[in-house]
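Overview (structure and organization)
Residues per chain, in single letters:
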Amino acid sequence: MELMKIALYTAFMIALTSLSLQNKHLMLALMCLETMMLLLFTMLVIFTSSSLTLSQMPMPTILLTISVCGAAVGLSLVVAITRTRGNDFLKNLNLL
């Protein structure tokens with residue numbers, strides 16, 4: 001179980017590093033954010049299943065719902081920016 005927690009923590013740190021180094025496309029940055037949210041969801045499910053507290057059971061579902069809403073907003077922004085600018089480069093977002 002500890003190896004799984006370490007692997008999830010390492011994957012989260014890699015996703016965070018790739019998000020900070022991502023400076024070309026908006027879609028790739030949003031994919032890194034979605035990966036981080038899914039890793040947080042997995043960590044929260046493991047934590048709530050191992051702690052056996054019933055008060056924390058709805059938290060993974062709430063996190064997943066908020067993550068899906070954020071992904072939908074991000075995708076709609078990518079579509080809107082691509083339609084108006086012609087590409088999704090992050091360097092063009094300074095003009096917004």
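It should be emphasised that the depicted structure is a prediction, and the values quoted were computed from it without experimental measurement.

Basis of the calculations
- Residues numbered from 1 in each chain as written.
- Predicted model: local features only at pLDDT ≥ 70, side-chain atom pairs only at ≥ 80, totals over all residues.
- Heavy atoms only, no water.
- pLDDT = per-residue confidence, 0-100.
- Helix = DSSP H or I, 4+ residues; strand = E, 2+ residues; numbered from the N terminus.
- UniProt positions renumbered as here; feature names shortened; annotations may be inferred.
- Core = buried A, V, L, I, M, F, W, Y, C linked by side-chain atoms within 4.5 Å.
- Buried < 20%, exposed > 50% of the residue type's maximum accessible area, 1.4 Å probe, protein only.
- 1 Å grid on protein atoms, 1.4 Å probe; cavity = no way out; pocket = protein on both sides within 12 Å on 5 of 7 lines; lining within 4 Å.
- Points joined across faces, edges and corners; volume = space filled by probe spheres on them.
- Nonpolar A, V, L, I, M, F, W, Y, C, P; charged D, E, K, R; others polar.
- Patch = residues over 30% accessible without salt bridge, like charges linked within 9 Å, V, L, I, M, F, W, Y side chains within 5 Å.
- Areas by Shrake-Rupley, 256 points an atom, 1.4 Å probe, with all protein chains shown as cover.
- Salt bridge = Lys/Arg side-chain N within 4 Å of Asp/Glu carboxyl O.
- Expected span 1.5 Å × (residues − 1).
- Contact = heavy atoms within 4.5 Å.

On to the confidence of the model for the chain, then. Interpreting fine coordinate detail is not advised for predicted regions of low pLDDT. When the pLDDT values of the chain are averaged, the result is 84; 90% of them are 70 or greater. Mean pLDDT across the elements of the chain ranges from a minimum in helix H2 (residues 26-51), with 86, to a maximum in helix H1 (residues 2-21), with 90.

Taking the numbering used here, the UniProt-annotated feature "transmembrane region" (unreviewed entry) corresponds to residues 28-47 and 59-81. Here residues 28-47 runs as 100% helix and 0% strand, with 29 Å between its end C-alpha atoms. For residues 59-81, the helix share is 100%, the strand share is 0%, and the end-to-end C-alpha distance is 33 Å.

Right, let's talk about the nonpolar core for a bit. Ranked by size, the top nonpolar core spans 6 residues in total: Leu8, Phe12, Ala15, Met36, Leu39 and Ile46. Among the elements of the structure, H1 and H2 are those that each provide at least two residues to this core.

Now for the layout of surface pockets. Rolled over the atoms, a probe as big as a water molecule pinpoints where empty space is left. In this structure, the largest pocket spans a volume of roughly 200 Å³. Met27, Leu30, Met31, Leu33, Glu34, Met37, Ile66, Ser67, Gly70, Ala71, Gly74 and Leu75 together form the lining of the largest pocket. Going through the elements one at a time, H2 and helix H3 (59-85) are the ones with two or more residues in the lining of the largest pocket. When its residues are assigned to classes, the lining of the largest pocket shows 8 nonpolar, 3 polar and 1 charged.

Now for a nonpolar patch on the surface. Taken together, the side chains of Met27, Leu28, Met31, Leu75 and Val79 make up a nonpolar region of the molecular surface, amounting to roughly 410 Å² of accessible area. For the nonpolar patch, the elements supplying multiple residues, two or more each, are H2 and H3. In terms of residues, the nonpolar patch owes the most to one element, H2, which gives 3 residues. Counting through the fold element by element, Met27 comes out in helix H2.

Once that is clear, we can look at H3. Spanning 27 residues, H3 covers 38 Å between terminal C-alpha atoms, matching the ideal 39 Å at 1.5 Å per step. Turning to H3, its buried residues number three or more, namely Pro60, Ser67, Gly74, Val78 and Ile81. Where H3 is buried, its residues touch H2. A positive phi of about 95 degrees marks Gly86, the residue just after H3.

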